[in-house]
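Examination of the molecular architecture
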Amino acid sequence: SGIGRNWPWASGGSSILAEFGTLHLEFVHLSHLSGNPVFAEKVMNIRKVLNRLDKPEGLYPNYLNPSSGQWGQHHVSIGGLGDSFYEYLLKAWLMSDKTDEEGKKMYYDAVQAIETHLIRKSSGGLTYIAEWKGGLLEHKMGHLTCFAGGMFALGVDGAPNDKTGHHIELGAEIARTCHESYDRTSMKLGPEAFRFDGGVEAIATRQNEKYYILRPEVIETYMYMWRLTHDPKYRQWGWEAVEALEKHCRVDGGYSGIRDVYNNHESHDDVQQSFFLSETLKYLYLLFSEDDLLPFEHWVFNTEAHPLPVLHKDDGNKEENQK
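Residues numbered from 1 in each chain as written. Predicted model: local features only at pLDDT ≥ 70, side-chain atom pairs only at ≥ 80, totals over all residues. Heavy atoms only, no water.

Here's the deal with the packing of aromatic side chains
- Counting across every chain of the model gives 15 aromatic pairs.
- Between tyrosine 60 and tryptophan 71 the ring centres are 6.2 Å apart and the planes differ by 85°, which places this aromatic pair in the edge-to-face class. Within this pair, whereas tyrosine 60 is found in the loop between helix H3 (38–52) and strand S2 (63–64), its partner tryptophan 71 is found in the loop between S2 and strand S3 (75–76), the two being separated by eleven residues in sequence.
- The buried category is assigned to tryptophan 71, whose relative accessible area is 13%. (Phe/Tyr/Trp six-rings, centres within 6.5 Å; stacked < 30°, edge-to-face > 60°. Helix = DSSP H or I, 4+ residues; strand = E, 2+ residues; numbered from the N terminus. Buried < 20%, exposed > 50% of the residue type's maximum accessible area, 1.4 Å probe, protein only.)

Here we look at the UniProt feature "binding site: Ca(2+)" (unreviewed entry) in the protein
- Here, UniProt's "binding site: Ca(2+)" (unreviewed entry) annotation points to Thr303.
- Take threonine 303: it is sitting in the loop between strand S12 (299–301) and strand S13 (307–309).
- Ignoring anything within four residues of it in the chain, the contact list for threonine 303 reads Thr22, Ser84, Glu87, Tyr88 and Glu279.
- Only 3.1 Å separates the side chain of threonine 303 from the side chain of glutamate 87, close enough to count as a polar contact. (UniProt positions renumbered as here; feature names shortened; annotations may be inferred. Contact = heavy atoms within 4.5 Å. Polar contact = N/O pair within 3.5 Å; in protein donor to acceptor, adjacent residues only side chain to side chain.)

Section: the domain arrangement of the protein
- We note that the domain assignment places domain 1 (10–96) and domain 2 (122–309) within the protein.
- For domain 1 and domain 2, the distance between their C-alpha centres works out to 23 Å.
- Listed per partner, the contact involves 24 residues of domain 1 and 22 residues of domain 2.
- Summed over both sides, the interface of domain 1 with domain 2 buries roughly 1,900 Å², with 71% coming from carbon and sulfur. (Domains from an automatic or database assignment. Buried area = accessible area lost by both parts, 1.4 Å probe.)

Here is the structure:
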């Protein structure tokens, strides 16, 4: 019909940061394949609008009204609703063979704001990424947010002021926290969200956050950390997850999510999510493969782990893509 429509649960008719901000890689690749720059131009225009907008404390709220061009409620998350926008800023730079300077700058500026306002350390020494609601922190970290450990590590190369060591360290700390969220459950599989308040650390306290639906983000971070450090603990942690998946999630028809990872008896949700095959198993496979299988200098994974080629500088279509 040509008429735009929004999900009723999206705040006040706003669009979602992770949706309109997670198109770069695919559309730039489409321009590369088709030779038609219009696709890349459309997504770069979205990014330019976001770059120009005033951002609260340098943070990107999860909602933007497509009619007014203004932010919706000031809720910031590196997990659901926000996550892959940040990932795509970094990966757009990597896919461009490190020529997309706007993407690079926006990514490192965003990480700086995240570090200042969202990253905290628990009394037990666990680094976590909180959520920000109108200036107040909610000390909760979602399983989805656990991808950020791998993202920080992947971004070491272009880190400003020789902060490469710091970014790897940050990735390692997030990986450790997310591993703890798995290790502190009965099933050794991580909950949907875990908290750092009321005397608990890296544990889900609400019943509706205790489920595991075969999500890949923690494994994803293990894979990046392994590739970039070759510390054997990441393979060890990955193998713990394999054993838990086999023990608790494997059913006759495939693999099922779990309703409560703190329970000693499985209650299966009877769903095998599509991302289990495209991401969870693929990242596990890559974690235990040699580095020359889909090497990072030639491939970038989109947010659902589909590999897209880095468009090297000597590529004939490169000039078209950068317009």
